[in-house]
Amino acid sequence: MRWQDEYAAERARMVEEQIRARHIEDPLVLAAMLAVPRHRFVPPELRVRAYEDRPLPIGAGQTISQPYIVALMTALLHLSGGEVVLEVGTGSGYQAAVLARLCSVVHTVEQYPELARRAQQILSELSVTNVRVHTGDGSLGWPAAAPYQGILVTAAAPEVPPALLDQLDDGGRLVIPVGARGDQKLQVWRRIGDHFRMKSLGLVSFVPLRGLYGWTDREWREEID
Ligand code: SAM
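Residues numbered from 1 in each chain as written. Predicted model: local features only at pLDDT ≥ 70, side-chain atom pairs only at ≥ 80, totals over all residues. Heavy atoms only, no water.

Novice: Would you mind going over the pairing of strand β4 (residues 105-110) in detail, with residue names and values included?
Specialist: Within β4, six of the six residues are buried, which leaves it mostly tucked inside the rest of the structure. Burial of the side chains of β4 extends over both faces: Val-105, His-107 and Val-109 are buried on one face and Val-106, Thr-108 and Glu-110 on the other. Relative to β4, strand β3 (residues 84-88) runs parallel, the two sharing five bridges. In the sheet register, Glu-87 faces β4, and the bridge partner there is Thr-108. For the segment spanning β3, helix α4 (residues 94-100) and β4, crossover handedness is right-handed. Where β4 meets strand β5 (residues 131-135), five bridges bridge the pair, whose relative direction is parallel. Paired with Val-106 across the two strands is Val-131, which belongs to β5. (Buried < 20%, exposed > 50% of the residue type's maximum accessible area, 1.4 Å probe, protein only. Helix = DSSP H or I, 4+ residues; strand = E, 2+ residues; numbered from the N terminus. Pairing = 2+ DSSP bridges. Right-handed = clockwise from strand over helix to strand, strands pointing away.)

What follows is the structure in structure tokens.
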């Protein structure tokens, strides 16, 4: 389904100028970015800025990621349609809605019940039926639905959480920002049997992953202060 709305032209411009221009060319990813109405996932007062080339606040001190980063992380999973995918860090629900167009089911875990509730509500309003929103510590993954053929983490971890590697299926990919405030790299892990290969990509900037395998507030602050 394609949502026709007053922001369709702006969304098309976002895809051309922010995503295709930066060499993301997978037609399925571009189509998903063109289809999902990003403005519905931001607070009403920020709707007019929803298609800007930047993250935006969504409440609880959290953000909806920059469109290009959403597209890049999605493309790095190389989804072909039948996968069960885990997202850690639901936030607004936007990334989950993009993933949902490219795989079979998305399980997404959010630490804040209020954000999880709001994301669920927007996804329901948009009739996205293949996203399951959970509340909890996503640094532990979501073992009940494992293994996953793709895992995407949208908050920066001190190191890759072992629980997430455990829940990755053979051949599956895990995309995760790793590092401290101001010094994070996007990592792509691939499981091959009992072995893992890791590729480290460019610098990124995410809010901290919390929970058992995340940053404590103190550690996160001390990394810079
Ligand atoms: N994917 C989101 C979107 O499309 O709007 C953006 C997510 S925001 C950059 C990161 C999210 O990760 C925040 O909502 C934050 O509350 C959540 N988060 C951080 N640590 C978490 C944890 N251990 N478990 C679950 N969610 C966590």
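Novice: Which residues make up the site of the ligand, and what values do they have?
Specialist: The full set close to the ligand counts 25 residues, and Glu-87, Ser-92, Glu-110, Gly-138 and Arg-210 are the nearest of them. Within the side chain of Ser-92, one N or O atom sits 2.6 Å away from an oxygen atom of the ligand. Between the ligand and Asp-137 there is a distance of 3.0 Å, counted from a nitrogen atom to a side-chain nitrogen or oxygen. Within the complex, 99% of the 600 Å² of free accessible area of the ligand lies under protein. Elements with a contribution of two residues or more to the shell around the ligand: β2 (62-64), α4 and β4. Ranked by residue count, the leading element in the shell around the ligand is β2, at three residues. Considered class by class, the residues forming the shell around the ligand number eight nonpolar, 13 polar and four charged. (Near = heavy atom within 4 Å. Polar contact = N/O pair within 3.5 Å; in protein donor to acceptor, adjacent residues only side chain to side chain. Areas by Shrake-Rupley, 256 points an atom, 1.4 Å probe, with all protein chains shown as cover. Nonpolar A, V, L, I, M, F, W, Y, C, P; charged D, E, K, R; others polar.)

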